Structures are given as structure tokens and as C-alpha cells.
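# Observations on the three-dimensional arrangement
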Amino acid sequence: MEYTVQKLGRLAGVSSRTLRYYDEIGILKPARINSSGYRIYGKKEVDRLQQILFYRELGVDLNCIKEIVTSPTFDAGNALREHHQKLLEKRKQLDMLIANVEKTMAWQEGRIEMKDQEKFEGFKRQLVEENEKKYGKEVREKYGDETVDRSNRKMMNMSQEEYDETMRLAEEITDVLAEAVRTGDSAGELAQKAAALHKQWLMFYWDDYSPEAHAGLAQMYVDDERFTAYYDKKQPGAAKFLRDAIHIYTGIQK
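The text that follows walks through the structure, step by step, so that each part is easy to find. Each chain carries its own residue numbering, running from 1 in the direction its sequence is written. The predicted nature of this model means local features are confined to residues of pLDDT at least 70 and side-chain atom pairs, given and counted, to a pLDDT of 80 or more, with totals for whole chains, interfaces and linings taken over all residues. Based on all heavy atoms of the structure, the side-chain values leave hydrogens and waters out of the count.

### As for the side chain of S186
Test applied: Secondary structure counts use DSSP, requiring at least four H or I residues in a row for a helix and at least two E residues in a row for a strand, with both numbered from the N terminus. Note on contacts: a residue pair is in contact if any heavy atoms of the two residues lie within 4.5 Å.
By the secondary structure assignment, S186 is in the loop between α8 (160-183) and α9 (189-202). For S186, the contacting residues outside a window of four places in its chain are A191, Q192, F241, D244, A245 and I248.

### Regarding the nonpolar core
Definition in use: Side-chain atoms within 4.5 Å are what join buried Ala, Val, Leu, Ile, Met, Phe, Trp, Tyr and Cys residues into a set we call a nonpolar core. Here's how the labels work: a residue is buried when its accessible area is under 20% of the maximum for its type, exposed when over 50%, partly exposed in between, all with a 1.4 Å probe on protein chains only.
Residues L177, W201, Y205, Y221 and Y231 are the most contacted members of the largest nonpolar core, which totals 37 residues. Listing elements by their share of this core, those giving two or more residues are α6 (121-143), α7 (145-156), α8, α9, α10 (211-223), α11 (225-232) and α12 (238-250). Counting residues per element, this core draws most heavily on α8, which supplies eight residues. Apart from residues no more than four positions distant in its own chain, W201 is found in contact with T166, L169, A170, I173 and Y221. Grouped together as the second largest cluster of nonpolar side chains are 17 residues, V5, L8, L28 and V60 included.

### Re α10
Selection rule: Here the expected length of a helix is defined as 1.5 Å per residue gap, with one fewer gap than residues.
Compared with an ideal rise of 1.5 Å per residue, which puts 13 residues at 18 Å, α10 spans 18 Å between its outermost C-alpha atoms and is within 8% of the ideal. Buried residues of α10: A213, H214, A215, G216, L217, A218, Q219, M220 and Y221, and no others.

### Some details on the packing of α10 against α11
This is how it is decided: Only the contacting stretch of a helix is used when fitting its axis, a line to C-alpha atoms as for every element, and angles between N-to-C directions run 0 to 180 degrees. Angles are sorted into four bins: roughly parallel if under 35 degrees, roughly antiparallel if over 145, roughly perpendicular if 65 to 115, and oblique for all others. Residues are grouped as follows: nonpolar covers Ala, Val, Leu, Ile, Met, Phe, Trp, Tyr, Cys and Pro; charged covers Asp, Glu, Lys and Arg; every other residue, Gly included, is treated as polar.
With their axes 5 Å apart at the nearest point, α10 and α11 run at an angle of 90° to one another. Overall, the two elements α10 and α11 adopt an arrangement that is roughly perpendicular. Here M220, Y221, V222 and D223 of α10 lie close against α11, whose contacting residues are E225, F227, T228 and Y231. Broken down by class, the residue content of the contact of α10 with α11 amounts to five nonpolar, one polar and two charged.

### Observations concerning the side chain of H83
The residue H83 is located in helix α5 (residues 76-108) in this model. Other than its neighbours up to four places away in sequence, H83 contacts Q51, F54, Y55 and L58.

### Considering the pattern of salt bridges
Which entries qualify depends on this criterion: The term salt bridge refers to a side-chain nitrogen of Lys or Arg lying within 4 Å of a carboxyl oxygen of Asp or Glu.
Using the criterion set out here, one finds 15 salt bridges in the structure. One salt bridge in this structure joins R111 and E109, with 2.8 Å as the shortest N-O distance. You'll find R111 and E109 in the same group, each marked exposed. A salt bridge links E165 to R168, with the nearest nitrogen and oxygen atoms 2.9 Å apart. On the criterion of helical spacing, the pair formed by E165 and R168 is a turn pair, its members being three residues apart in helix α8. By relative accessible area, which is 22% here, E165 ends up partly exposed. Each of D23, K29 and R39 takes part in one network of salt bridges that share partners.

### Let's talk about helix α2 (residues 16-24)
Rules: In this description, one arc is meant: the one made by directions from the helix axis to the C-beta atoms.
All buried positions along α2 are accounted for by S16, L19, Y22 and D23. Down the axis of α2, the smallest arc covering the buried residues is 120°, so these residues share one side. In α2, the exposed residues that point more than 90 degrees away from the buried face are R17 and E24. On the buried face of α2, the contacting elements are α1 (5-12), β2 (39-40), α3 (43-57) and α4 (62-69). G26, located one to two residues past α2, shows a positive phi value of around 85°.

### Considering the packing of α11 against α12
Viewed as axis vectors pointing N to C, α11 and α12 meet at an angle of 95°, and their least axial separation amounts to 7 Å. Relative to α12, the element α11 is oriented roughly perpendicular. Between α11 and α12, the contacting residues are T228, Y231 and D232 on the first element and A238, A239 and L242 on the second. For the contact of α11 with α12, a count of residues per class yields four nonpolar, one polar and one charged.

### Concerning the environment of S16
Among the structural elements, S16 can be located in helix α2. A relative accessible area of 19% places S16 in the buried class. Those residues in contact with S16 that sit more than four places away from it in its chain are V5 and Q6.

Everything listed here is a matter of geometry and, on its own, says nothing about what the molecule does.
Encoded structure:
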């Protein structure tokens, strides 16, 4: 079966303009151009378009999708299994939010009692699961399952006010850190303020404070490129600068 741009667009639920753009950027080329100058797509192109739309549904940008599907090592079977797993995770998150909405409606109608922290349980659980997926392996290897599980429980039991405060502190740390980096002095007043704020933020997740653990976490911000990217996003070099500031703050040099 072969398709023109219009027919493939109708089949997949995308516009002809989108398919032409995919051709222009090299992510989905037609199988051939017929004698009338029309783009013609075959089974291989249909399968690739399906993969592209799967990735788009998962929020992957086109540049990344192009790198994935045009790679010589791309395996469609493995990609489908990954899509399936990610969609199951997405469904689980949606199920949690739906359950939370239904519970809230029942509370508004006076059919049940609902504590304030329950109203945000779905959102917090989603955040815990996202953090687990991104950083769980490394953090568990460094601090152990018991420590991470305890931190996750503490997160789930936060009040909305406590959760809001963690978000405010995270933003303040980023702002102060960016300003401190520009001074170039990791022992300076601004740098040490950033380190102190970071400790304050940590204590919403940790039961007990340990200077050694704080210094170790700061080192991980430099060793793990994902943490580095988070801190360097606003100010390049911020992750390393924060590591140095925290090591001075804790008095522990790694």
C-alpha cells in the first residue's frame, strides 16, 4: 500500500504541512517522488511515522527523535517495548490524578472527609516517581534503600505549606547561587548563604543532618551530569561552585 501526503496525513491524523516539514528536516523522507512530483510513502515510512508520533506523544522534541529514528542502531522492536513501558507509567500517573480528582469531588459533595495533604497526594507521588526514575539508582547506591525510602515517605507526608516552602527555597538557592558564582568566591558571604539555604532545603527531606552526607551530595552534583545540568542551567559552573561552597560550609573536603 502506498500513500500520498494527503492520504498518509488522513490516515495518521496529521496535516500535510507537518509531513512536508518532516521531509524538509530529514526525519521522514518519502519512499519516492512520482512522475507528477508527488511524495509517495510506503510501509517503511508508515512505520517510521508511527514511531515519530509515539515519541511526540511522550514529549520528545523533534531533534532528539531524528537522532533516535535515523540512528543505524535504531531497533523498532525495542523502541515499541520502551514506548509501551513509558505509556504504562503515564497511565499510572493519570490514574493517580483521576483518583485524586474523584476523591476531591466526593469531598466537595460532603460524601467523605479529606485531609489537606490528601488533596496533593497525586502530585507529590508523581514527583517522587519521576525523581526515582531519573536519579533513584545512583542515590540508592550512594545512600541505601532505607534512607531513600525514608526521604520519599517524608515527601509524601508534607503539608502543602511545607511543599510550597521547598519550592520557594529551591528557587532562592538558584538565584543566590547564580549571584555568588559571579563573585568567584566560594567562601564568600553569598556562597555560604547558598550552602546554608541548601541545608535548610535538605532538612525537608532528611530526618537528620550529616555534614558528611551533605558534602557527598554536593560532590554527586558534579559527578552526575544530570544534576550538573540542573544547577548550571541558570549559571554555568554553578554545580561545581555549589560543591565547593558546601565543602567549605561543612568543613569537609573531598
